[in-house]
There are 2 protein chains.
Amino acid sequence: MTTLQPVNLDETDWLILEELQADGRLSYNALARRVHLSAPAVAERVRRLEESGVITGYSAQINASRAGQPLVAYVQLRCRLGDCLLRTARADEYPELVEVHKLSGDHCTLLKARASSLAHLEGLFERLGQHGDIRTHIVMSTQYEGRPVRPPSPERPVTPADGWTQT
Amino acid sequence: MTTLQPVNLDETDWLILEELQADGRLSYNALARRVHLSAPAVAERVRRLEESGVITGYSAQINASRAGQPLVAYVQLRCRLGDCLLRTARADEYPELVEVHKLSGDHCTLLKARASSLAHLEGLFERLGQHGDIRTHIVMSTQYEGRPVRPPSPERPVTPADGWTQT
DNA sequence: AATGAAAAAACTCCTGT
DNA sequence: ACAGGAGTTTTTTCATT
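Residues numbered from 1 in each chain as written. Chains lettered and ligands numbered in written order. Predicted model: local features only at pLDDT ≥ 70, side-chain atom pairs only at ≥ 80, totals over all residues. Heavy atoms only, no water.

### Re empty space enclosed by the protein
Here is step 1: In this structure the tally under the stated criterion is two cavities of 30 Å³ or more.
Here is step 2: Its volume calculated, the largest cavity comes out at about 70 Å³.
Here is step 3: Every element with two or more residues in the lining of the largest cavity is listed here: β2 (71–79) of chain A together with β2 (71–79) of chain B.
Here is step 4: In the lining of the largest cavity, the residues fall into six nonpolar, four polar and no charged. (1 Å grid on protein atoms, 1.4 Å probe; cavity = no way out; pocket = protein on both sides within 12 Å on 5 of 7 lines; lining within 4 Å. Points joined across faces, edges and corners; volume = space filled by probe spheres on them. Helix = DSSP H or I, 4+ residues; strand = E, 2+ residues; numbered from the N terminus. Nonpolar A, V, L, I, M, F, W, Y, C, P; charged D, E, K, R; others polar.)

### A look at the packing of helix α1 (residues 11–22) of chain A against helix α2 (residues 28–35) of chain A
All names here are of chain A.
Here is step 1: Where α1 meets α2, the closest approach of the two axes is 10 Å, and the angle between their N-to-C directions is 130°. Accordingly, the angle class assigned to the pair α1 and α2 is oblique. Crossing of α1 over α2 shows right-handed handedness. Residue-level inspection shows Leu15, Ile16, Glu19 and Leu20 of α1 in contact with α2, the latter providing Leu31, Arg34 and Val35.
Here is step 2: Taken together, the residues that form the contact of α1 with α2 break down as five nonpolar, no polar and two charged. (Axes fitted to C-alpha atoms, helices over the stretch in contact; angles between N-to-C directions. Parallel < 35°, antiparallel > 145°, perpendicular 65-115°, else oblique. Left-handed = near helix turned anticlockwise from the far one by under 90°. Contact = heavy atoms within 4.5 Å.)

### Quick look at the protein's contact with DNA strand D
Here is step 1: Around DNA strand D, the neighbouring residues are A:Ser27, A:Tyr28, A:Asn29, A:Pro40, B:His36, B:Leu37, B:Ser38, B:Pro40, B:Ala41, B:Arg45 and B:Arg48.
Here is step 2: Sugar and phosphate atoms form 70% of the subset of DNA strand D atoms that lie within 4 Å of the protein.
Here is step 3: Contact distances for DNA strand D include 2.8 Å between a phosphate oxygen and a backbone N or O atom of A:Tyr28.
Here is step 4: Contact distances for DNA strand D include 2.8 Å between a phosphate oxygen and a side-chain N or O atom of B:Arg45.
Here is step 5: Those elements giving two or more residues to the surface near DNA strand D turn out to be α2 of chain A together with α3 (39–51) of chain B. (Near = heavy atom within 4 Å. Polar contact = N/O pair within 3.5 Å; in protein donor to acceptor, adjacent residues only side chain to side chain.)

### Observations concerning the protein's contact with DNA strand C
Here is step 1: Taken together, the residues surrounding DNA strand C are A:His36, A:Leu37, A:Ser38, A:Pro40, A:Ala41, A:Arg45, B:Ser27, B:Tyr28, B:Asn29 and B:Pro40.
Here is step 2: The share of sugar and phosphate among atoms of DNA strand C within 4 Å of the protein is 80%.
Here is step 3: With respect to DNA strand C, the side chain of A:Ser38 contributes an N or O atom lying 2.7 Å from a phosphate oxygen.
Here is step 4: Between DNA strand C and the protein, one listed contact pairs a phosphate oxygen with a backbone N or O atom of B:Tyr28 at 2.9 Å.
Here is step 5: Elements with a contribution of two residues or more to the surface near DNA strand C: α3 (39–51) of chain A together with α2 (28–35) of chain B.
Here is step 6: The element best represented in the surface near DNA strand C is α3(A), accounting for three residues.

### Details of the packing of helix α1 (residues 11–22) of chain B against α3(B)
Residues and elements named next belong to chain B.
Here is step 1: Two numbers describe how α1 lies on α3: the axes approach to 11 Å, and their chain directions differ by 80°. Classified by the angle their axes make, α1 and α3 are roughly perpendicular. Each of Thr12, Asp13, Ile16, Leu17 and Leu20 in α1 lies in contact with α3, whose residues at this interface are Val42, Arg45, Val46 and Leu49.
Here is step 2: Its residues assigned to classes, the contact of α1 with α3 comprises six nonpolar, one polar and two charged.

### So, the interface of chain B and chain A
Here is step 1: Across the boundary between the two partners, chain B contributes 80 residues, which contact 79 residues of chain A.
Here is step 2: Among the residues chain B hides against chain A, the three largest losses belong to B:Arg25, B:Arg66 and B:Arg147. Together they make up 13% of the total.
Here is step 3: Counting across the chain B and chain A interface gives two salt bridges.
Here is step 4: Close ionic contact of A:Glu99 with B:Lys112 constitutes a salt bridge, the shortest N to O distance being 3.1 Å.
Here is step 5: The tally of links between chain B and chain A comes to 51 residue pairs in polar contact (both at pLDDT 80 or more).
Here is step 6: Every element with two or more residues in the side of chain B that touches chain A is listed here: α1, β1 (55–62), β2, β3 (97–103), β4 (109–115), α5 (118–129) and β5 (132–144) of chain B.
Here is step 7: Here the residues of the side of chain B that touches chain A are counted per class, giving 36 nonpolar, 27 polar and 17 charged. (Buried area = accessible area lost by both parts, 1.4 Å probe. Salt bridge = Lys/Arg side-chain N within 4 Å of Asp/Glu carboxyl O.)

### Observations regarding the sheet that holds strand β5 (residues 132–144) of chain A
Here is step 1: Reading around the circumference, β2(A)-β4(A)-β3(A)-β5(B)-β2(B)-β4(B)-β3(B)-β5(A) is the order of the eight strands in this closed barrel, with antiparallel pairing throughout. The sheet shows a mean angle of 35° between the axes of neighbouring strands, taken without regard to direction.
Here is step 2: Here β2(B) pairs with β5(B) via seven bridges, running antiparallel. Looking at the pairing, B:Val75 lines up with B:Thr136 of β5(B). (Pairing = 2+ DSSP bridges.)

See below:
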């Protein structure tokens with residue numbers, strides 16, 4: 001399943017997703033107890049969540065600092081025409097990039113990088129700078145990341161004041 | 001283990017970490033085969049990686065689009081003095097924030113948010129704007145995220161030209 | 001979707017190298 | 001510090017209601 005359409009998820013599906021995001025190694029038995037279902041029922045639901053592409057995999061979470069890469073930086077990159085990072089560089093040339101996004105606005109690309117030292121970051125910035133103008137932001141501390149995806153809460157629409165017509 | 005010091009990891013540890021990041025549900029038997037060790041040996045290494053805080057947990061990976069939250073935005077926030085988001089707001093007031101970083105530079109905080117619609121994002125930006133000046137960036141597309149942490153490659157130091165003394 | 005049972009697989013201990 | 005094997009527990013899956 002590779003389309004982008006959302007899948008209809010009921011309350012039990014969200015319970016399962018929350019539990020599996022908190023502990024991806026839960027057995028069907030343990031998971032079933034937590035969501036008040038039987039093991040076969042929960043196994044079937046998990047299978048459907050996997051096949052419908054809601055669950056894309058299971059992964060060990062690792063503390064990058066502990067693993068020798070304590071630094072995080074974000075880099076905004078405005079590529080030169082015809083020399084965009086995404087077209088001219090291969091992913092494995094930049095193993096330190098853990099996220100790559102295309103943005104609205106005048107800086108086309110936002111990168112998130114992990115590095116082992118400031119010298120490492122310095123070298124990375126120099127390499128990236130070959131692709132265009134860059135603007136770097138070094139992360140001083142991280143309050144949290146990898147927060148679980150949660151069920152959408154009811155939205156509070158922004159209501160314009162009187163006299164404005166909302167389209 | 002809560003300190004920040006890196007843990008010494010040998011080649012086998014990195015093999016294990018790469019396998020478990022790719023599939024967090026691997027059994028010790030399957031993992032042992034892949035890293036050319038016996039099951040008890042690999043179980044002992046995994047136990048040590050967990051206890052030393054390198055592996056912090058295991059998680060199901062969710063396709064947020066499929067789960068009804070297709071939008072991602074980054075928000076740079078410069079808090080007003082004494083009214084910083086991190087001091088005045090509770091985490092559960094902002095369930096759409098999946099990452100919170102403190103940055104160097106003049107915008108103190110970088111937030112990553114997931115939302116279900118542009119109306120949802122609009123409301124979020126309004127709420128965040130109560131804490132200070134914000135600058136928002138909507139992600140148009142994501143090349144990748146959640147890339148695994150990999151063993152640090154040998155660094156290429158940036159060598160200054162002659163005449164500059166490196167400290 | 002629940003129950004209960006059979007089958008399969010996982011984990012862990014122990015011993016030896 | 002690791003390999004191999006055996007025993008025990010857990011997990012998964014299937015058939016039935």
